[in-house]
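Structure at a glance
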Amino acid sequence: MTAKPIIIDCDPGQDDAIMLLLAAAAPAELDILGITAVAGNVPLALTERNARLMCELAGRTDIPIFAGCSRPMVRDLITAEEVHGRTGIDGYDIHEPAIPLQEKHAVDFLVDCLMSSEDQAVTLVPTGPLTNVAMAIVKEPRIVPKINEIVLMGGAFREGGNSTPSAEFNILVDPHAAHVVFACGRPIVAMGLDVTHKALTTKQRLAAIGEIDTRVGRAAHAMLEFYDRHDIEKYGTDGGPLHDPCTIAYLLEPGLFKTKHVHVGIEINSEQTMGETTVDYWGVTKHAPNTHWVHDIDAEGFYRLLTERLARL
Ligand code: BDR
Ligand code: CA
């Protein structure tokens, strides 16, 4: 089996951090061509550093890391320190990572890397606001046919929003970028809150990660212990939702998820519902489907996969 070429675009964030560790632990299945950071959970200077810290922790010094856009396309940046802490990965022992930041801008890396690839060769995995990906598409539309599919974390339908009553954080931060990406014409797999809110870090699942007696195991456990307190309080659930790792889990074991092929639009005009993903679940608009909307997960299987992979690092 040849490893699938992917580019990860992220805004770490503890759940992005766990996503990076999971991806780093799958070299036989995933060929990570690069990691691009975007402003989102915390400002860009922190998200790019956190991406480097996680690759260093995972021992993956071979993966180039690029900093991208420091603000959304149109709107002002919204960050989420109340969830992730001041550093974005509170719970982790922060230091300056040895892995250098690449000089090239993330948008230029996306354009150059995709332009030098065959058609439908590269899978994009965005787990933050979609600014970098949209900017690359706007800068060089010829990259679009090079994309195999886009497996992203973002959006909400049945579950409602987590940042406004109707909008999920990643889409709300840069709805205009999301509009560009969802309309790009390549297949999209969207992990929205409908599914990620079923991937809860219960006490038992967290304890299993805590039993991994390695640096990675201890770091993952410490970050998740910090991270889940916010959503436990907010939703009254047994654990916090581990959003972003669902993307990589889908690439490794798609059978863990259930999807429906639907049209998804992005609200960019109404202040009240800005960033809402309008998921045409019953096909009432007759718009051609553009998204595999993920609506269910085998959560036990997901945590089995995650724990087993983290233990390999
Ligand atoms: C998304 O927002 C961020 O806080 C998380 O990292 C995740 O990507 C969930 O709404
Ligand atoms: Ca994220």
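Look above for the structure.
Now for a quick tour of the structure. As a convention, each chain's residues are numbered from 1 in the sequence order in which they are written. Each chain is given a letter, starting from A, and each ligand a number, starting from 1, according to the order in which they appear as written. The predicted origin of the model limits local features to residues at a pLDDT of at least 70 and limits the giving and counting of side-chain atom pairs to 80 or more, whereas totals for whole chains, interfaces and linings rest on all residues. Computation of side-chain values: all heavy atoms of the structure, hydrogens and water removed.

**A short note on the overall build of the chain**
Operational definition: Secondary structure follows DSSP: runs of H or I at least 4 residues long count as helices, runs of E at least 2 residues long count as strands, and numbering of each begins at the N terminus. Atoms counted for the radius of gyration: C-alpha only. Globule rule: 2.2 Å times residue count to the power 0.38. Remark: exposure states derive from per-residue accessible area (1.4 Å probe, protein chains only) relative to the maximum for the residue type, with buried under 20%, exposed over 50%, and partly exposed in between. Note on contacts: a residue pair qualifies if any of its non-hydrogen atoms lie within 4.5 Å across the two residues. Surface accessibility in these figures is a Shrake-Rupley result with a 1.4 Å probe; residues are shielded only by whichever protein chains are displayed. His is not counted, nor are the chain ends; Lys and Arg add positive charge and Asp and Glu add negative charge. The location of each charge is read from NZ of Lys, CZ of Arg, CG of Asp or CD of Glu.
When its secondary structure is counted, the chain shows twelve helices and nine strands. For the chain, the C-alpha radius of gyration of 18 Å lies close to 20 Å, the compact-globule estimate for 313 residues. Here the C-alpha coordinates of the chain stretch approximately 50 × 45 × 40 Å along the principal axes. When burial is assessed residue by residue, the chain has 60% of its 313 residues classed as buried. Of the contacts made within the chain by residues no fewer than 6 positions apart, 83% connect residues no fewer than 24 positions apart. When the accessible surface of the chain is split by element, carbon and sulfur atoms take 52% of a total near 12100 Å². Of the charged side chains in the chain, 26 are positive and 43 negative; the average position of the first set lies 3 Å away from that of the second.

**Examining helix α7 (residues 175-182)**
A large share of α7 lies buried, amounting to six of its eight residues. Looking only at α7, the buried set comprises Pro175, His176, Ala177, Ala178, Val181 and Phe182. Taken together, the buried residues of α7 touch α5 (131-139), β5 (147-153), α6 (169-173), β6 (188-191), β7 (257-266) and β9 (291-297).

**Details of the packing of aromatic side chains**
In this description, a pair of aromatic rings is defined by centroid distance and the angle of the planes. Heads up, the rule is: Only Phe, Tyr and Trp rings take part, Trp by its six-membered ring, and two of them pair if their centres are within 6.5 Å. Stacked means planes under 30 degrees apart, edge-to-face means over 60, and tilted covers everything else. Counted as over-ring charges are cases with an Arg CZ or a Lys NZ within 6 Å of the ring centre that also lie within 35 degrees of the ring normal.
Applying the stated criterion across every chain yields a total of five aromatic pairs. When the ring of Tyr281 is compared with that of Trp282, the centres are 5.0 Å apart and the planes differ by 80°; the resulting orientation is edge-to-face. Residue Tyr281 is classed as buried on the basis of its relative accessible area of 10%. By way of ring pairs, the aromatic residues Phe157, Tyr281 and Trp282 are connected into one cluster. Its end group placed over the ring of Tyr281, Arg158 keeps NZ or CZ at 4.3 Å from the ring centre. The ring of Phe226 has Arg229 lying over it, and the distance from NZ or CZ to the ring centre is 4.0 Å.

**Quick notes on the site of ligand 1**
Selection rule: Nearness here has a simple test: a residue counts as near a molecule or strand if at least one of its heavy atoms is within 4 Å of that partner. Any pair of nitrogen or oxygen atoms within 3.5 Å is treated as a polar contact; in protein, a donor-acceptor pairing is required on top of that, and neighbouring residues in sequence qualify only through side-chain atoms on both sides. Of the two site types, the cavity is a set of points on a 1 Å grid over the protein atoms alone where a 1.4 Å probe fits but cannot get out, and the pocket is an open set with protein on both sides within 12 Å along at least five of seven lines, each lined by residues with an atom within 4 Å of a point. The way we define it, a molecule is inside a pocket or cavity when more than half of its atoms are within 2 Å of that pocket's grid points.
By nearness alone, every residue bordering ligand 1 is listed as Asp15, Asp16, Asn41, His84, Thr127, Met153, Asn162, Glu168, Phe169, Asn170, His243 and Asp244. A distance of 3.1 Å is found between an oxygen atom of ligand 1 and a backbone nitrogen or oxygen belonging to Thr127. Across the complex, the protein chains shield 96% of the 280 Å² of accessible surface that ligand 1 would expose by itself. Taken atom by atom, the bulk of ligand 1 overlaps the largest pocket.

**Here's the deal with the layout of surface pockets**
Keep this limit in mind: Grid points are joined across faces, edges and corners, and a volume is the space filled by probe spheres set on the points.
When its volume is computed, the largest pocket comes out at roughly 320 Å³. Lining of the largest pocket is provided by 27 residues; of these, Ala80, Val83, His84, Asn162 and Phe169 occupy positions nearest its centre. For the lining of the largest pocket, the secondary structure elements donating two or more residues are α1 (14-24), α3 (81-84), α6 and α10 (215-235). The leading source of residues in the lining of the largest pocket is α10, at five residues.

**Focus: the sheet that holds strand β8 (residues 277-280)**
Heads up, the rule is: DSSP calls a pair of strands paired once it identifies at least 2 bridges connecting them. All axes here are fitted lines through C-alpha atoms, helices being fitted over the stretch that makes contact, and every angle between N-to-C directions spans 0 to 180 degrees.
Spatially, nine strands are ordered β3-β2-β1-β4-β5-β6-β9-β7-β8 in an open sheet, and the strand pairing comes out mixed. Edge positions in the sheet fall to β3 (65-67) and β8, since each of these pairs with one other strand and no more. Looking at each pair of strands side by side, their axes are set apart by 30° on average, direction ignored. As paired elements, strand β4 (residues 122-126) and β5 share two bridges and run parallel to each other. Within the sheet, the bridge partner assigned to Leu124 lies in β5 and is Ile150.

**Some remarks on the coordination of the calcium ion (ligand 2)**
Octahedral metal centres with six donors ideally show angles of 90 or 180 degrees, and tetrahedral centres with four donors ideally show 109.5 degrees. Heads up, the rule is: Coordination shells were defined by N, O and S atoms within 2.8 Å of each metal, extended to 3.2 Å for Na, K and Ca; water is absent from the atom set, which can make sites look incomplete.
Taken together, the protein donors to the calcium ion (ligand 2) comprise Asp11 (OD), Asp16 (OD), Asp16 (OD), Thr127 (O) and Asp244 (OD), at separations of 2.3 to 2.6 Å. If you list the donors of the calcium ion (ligand 2) from N- to C-terminus, the spacing comes out as D-x4-D-x110-T-x116-D.

**Here's the deal with the packing of α1 against helix α12 (residues 299-310)**
Note the cut-off: For this classification, under 35 degrees means roughly parallel, over 145 means roughly antiparallel, 65 to 115 means roughly perpendicular, and everything else is oblique. Crossing chirality is assigned from the near helix's rotation relative to the far helix, an anticlockwise turn below a right angle marking it left-handed and a clockwise turn marking it right-handed. Asp, Glu, Lys and Arg are counted as charged, while Ala, Val, Leu, Ile, Met, Phe, Trp, Tyr, Cys and Pro are counted as nonpolar; the rest, among them Gly, fall into the polar class.
Direction vectors running N to C along α1 and α12 enclose 70°, while the axes themselves pass 9 Å from each other. With respect to each other, α1 and α12 are oriented roughly perpendicular. When you trace α1 past α12, the crossing you get is left-handed. Here Ile18, Leu21 and Leu22 of α1 lie close against α12, whose contacting residues are Leu306, Arg309 and Leu310. Classifying every residue of the contact of α1 with α12 by side-chain character gives five nonpolar, no polar and one charged.

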